[in-house]
Each structure stands twice: as C-alpha cells, then as structure tokens.
Amino acid sequence: MLPASFAPNLYEHFRLDSRATSRELGVQLAAADAHLEGLGYLPEAPEREELAVASRILCEPASRASYDQKVESGAQLTWAQLEEYATTGRWGESTHASTSTPPRDDARRASPGNRVLMAVIDYFLAALVVSFIVGFGFTNPDDNSVWIVSISSIFTVAYYICFEVLAGATPAKMIAGYTVRDVTTHEKLTWQQSIRRNWWRVASLVPLIGPLIAFFGALYVVTTIGAKNNLRGQHDIMANAEVVKK
C-alpha cells in the first residue's frame, strides 16, 4: 500500500509526454517496470507499486481524462488516493483543490556536488581508520601484504555499511548535517538496504575482478545522481534510500 504523502504529477514524475496516447504511455511505463525488475526490485517495492498505479490510471483513456482534470484543477493528490482511484475508479472525498504547494522532502536532499565532496572526505577518513587498524595489528606489514590487502578491503566496506546502519550516516555526512534514511519510513537503513546501496563497494571484495567492478560501479553511481532522479543515485533507488539534511 502506498503512503498518504503527496504525489507529484505522474507525467513529470515518470518523464512522460502528456501528448502521447494512452497506449504509448503504457509501453513506456511497462518498459520502466521491466527495468526495475531487471535491477532486482520486487513487485511490492514502492517504485514498482507507483509505476503500477500510474499504468492503471494513464493507460485507460477515461481514467486518464479524469486524472488530467484533477491535475488541471489544482487538486492535491496523495499516492494513497491515486492507488484507491486506480483500484476502484472513484476519487475519495478528501481530494481538493488548493493554491498551496505541498512540502517536498527532496528539497532537503544533498546536491550532487555535496555528495561528491562528502564521498571524498569519507574516502580519506576510511583510509585513516584502516591504516590505524593495520598498523596496530601487524608489526611487520611487508611479510603480511596479502592479509593486509584483504583485511583493509573488508574494513573499508564495513566502515560505510556499519556507520549507515548504526549511526544513520558516515562521519563526513554527519559532519555536514546529512543522514541516510529510508524514503518511505524515514528510518535508518537496514543491513540489507545498506548492502544494496553499497553494492559496488561489496563487489570490491571479489578476488581479482572486484576492484575493477568497484571502480566502474563508483563512476556509474556518481553519474546517476541528478535532478532527473530527484537527487538520488541509482544505488539510492535500489535501496529505497535518500540523503537528506537533518
């Protein structure tokens, strides 16, 4: 079930052309859903549920026309109301027109520039922590180079995941006043969510090819953080997460 938070314009939210036919919109929404499925999203994931609701409304001309009228009248619609309409074909009595703009959580999300800066700071902080652990644990690093590389990689990954799950953010984000949270519940990420969000770091633990996967994965993640994803990277979307100001 989708939350009672205000829903954006479906055309803008899913980057659809409002001039397209209902059949064309259906093809685009089905392709978007297939893409999320290919990324491992379950049918009950909020992103796929939103797509399903949009599809049921916009792919049927009569439902779409009624939705368009609501939008044009300035009605503030929630995801829960859209889901009810998509299911029953009737609008709830609580829909109403208003000149005010509902608050947007994504207005508090970190910009791409801030995200990159915090990532760089965290990289150096993680390196310092790992260097201290290695220096404390090995009296003769040259004789234990293989073990040092393995342990360093494990502690680096643990740095990000443990701080996100236990503290709500890595040190650099906490210093800057940001937190990493679940988009729906606004709670800290679970272990599973944090692992999904840091998938390319986890991949670095794979022998031989891991560092290469991590390098290109990091580049990919950075390029997906932008306005088109509402300031969320693909790794955030996979974990249903966001980075927001406290």
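Since we're looking at a predicted model, the values are computed, not measured. (Residues numbered from 1 in each chain as written. Predicted model: local features only at pLDDT ≥ 70, side-chain atom pairs only at ≥ 80, totals over all residues. Heavy atoms only, no water.)

Student: Got a minute to help me understand the overall build of the protein chain in this structure?
Tutor: Regarding its fold elements, the protein chain presents 12 helices and two strands. Along the protein chain, from the amino end to the carboxyl end, the secondary structure elements read α-α-α-α-α-α-α-α-β-α-α-α-α-β. Counting over 246 residues, the protein chain shows a buried share of 40%. Of the contacts made within the protein chain by residues no fewer than 6 positions apart, 65% connect residues no fewer than 24 positions apart. In the structure as shown, the protein chain presents an accessible area of about 13900 Å², 63% of it carried by carbon and sulfur atoms. (Helix = DSSP H or I, 4+ residues; strand = E, 2+ residues; numbered from the N terminus. Buried < 20%, exposed > 50% of the residue type's maximum accessible area, 1.4 Å probe, protein only. Contact = heavy atoms within 4.5 Å. Areas by Shrake-Rupley, 256 points an atom, 1.4 Å probe, with all protein chains shown as cover.)

Student: I tried to follow the pairing of strand β1 (residues 178-182) on my own but got confused; where do I start?
Tutor: Along a regular strand, successive side chains alternate from one face of the sheet to the other. Of all five residues in β1, five are buried, a share of seventy percent or more. As paired elements, β1 and strand β2 (residues 241-245) share five bridges and run antiparallel to each other. Residue pairing for β2: Thr 179 is matched across the bridge by Val 244. (Pairing = 2+ DSSP bridges.)

Student: Whenever I open this one, the pattern of salt bridges confuses me. Can you help?
Tutor: Between side chains of opposite charge, a pair can form when the charged atoms approach closely. Following the criterion strictly, the structure yields eight salt bridges and no others. We note a salt bridge from Arg 48 to Asp 33, for which the minimum N-O separation is 2.9 Å. One end of the pair, Arg 48, is in helix α3 (residues 46-58); the other, Asp 33, is in helix α2 (residues 22-38), with 15 residues separating them in the sequence. Take Asp 33: its relative accessible area is 21%, and that puts it in the partly exposed class. A salt bridge links Glu 242 to Arg 109, with the shortest nitrogen-to-oxygen separation between them at 2.7 Å. Here Glu 242, found in strand β2, pairs with Arg 109, found in the loop between α5 (79-88) and α6 (112-137); they are 133 residues apart in sequence, far enough to count as distant. Accessibility classification places Glu 242 together with Arg 109 in one group, the buried group. Ionic contacts of the salt-bridge type, sharing partners, join the residues Arg 115, Glu 164, Arg 197 and Asp 236 into one network. (Salt bridge = Lys/Arg side-chain N within 4 Å of Asp/Glu carboxyl O.)

Student: Before we go on, may I ask you to explain the packing of α3 against helix α4 (residues 61-72) in this structure?
Tutor: To characterise two packed helices, one gives the angle between the axes of the helices and the distance between these axes. Running from N to C, α3 and α4 point in directions that differ by 105°, and their axes come no closer than 6 Å. One way to sum up the angle between α3 and α4 is to call them roughly perpendicular. Facing α3, whose interface residues are Arg 56, Ile 57 and Leu 58, α4 presents Ser 63, Arg 64 and Tyr 67. Of the residues belonging to the contact of α3 with α4, the class tally is three nonpolar, one polar and two charged. (Axes fitted to C-alpha atoms, helices over the stretch in contact; angles between N-to-C directions. Parallel < 35°, antiparallel > 145°, perpendicular 65-115°, else oblique. Nonpolar A, V, L, I, M, F, W, Y, C, P; charged D, E, K, R; others polar.)

Student: Any chance you could explain the environment of Glu 12 here in plain terms?
Tutor: Its place among the elements puts Glu 12 in helix α1 (residues 10-13). On the accessibility criterion, Glu 12 (63% relative accessible area) is exposed. Separated by 216 residues in the primary sequence, Glu 12 and Lys 228 place their C-alpha atoms 9.8 Å from one another.

Student: Please clarify how the confidence of the model for the protein chain should be interpreted in this entry.
Tutor: Detailed conclusions should not be drawn from predicted coordinates in areas where pLDDT is low. On average, residues of the protein chain score 85 in pLDDT, and 89% of them reach the 70 mark or higher. Under a pLDDT of 50 for its full length, residues 95-104 has, in the predicted model, 14 contacts with residues more than four places off or in other chains. (pLDDT = per-residue confidence, 0-100.)

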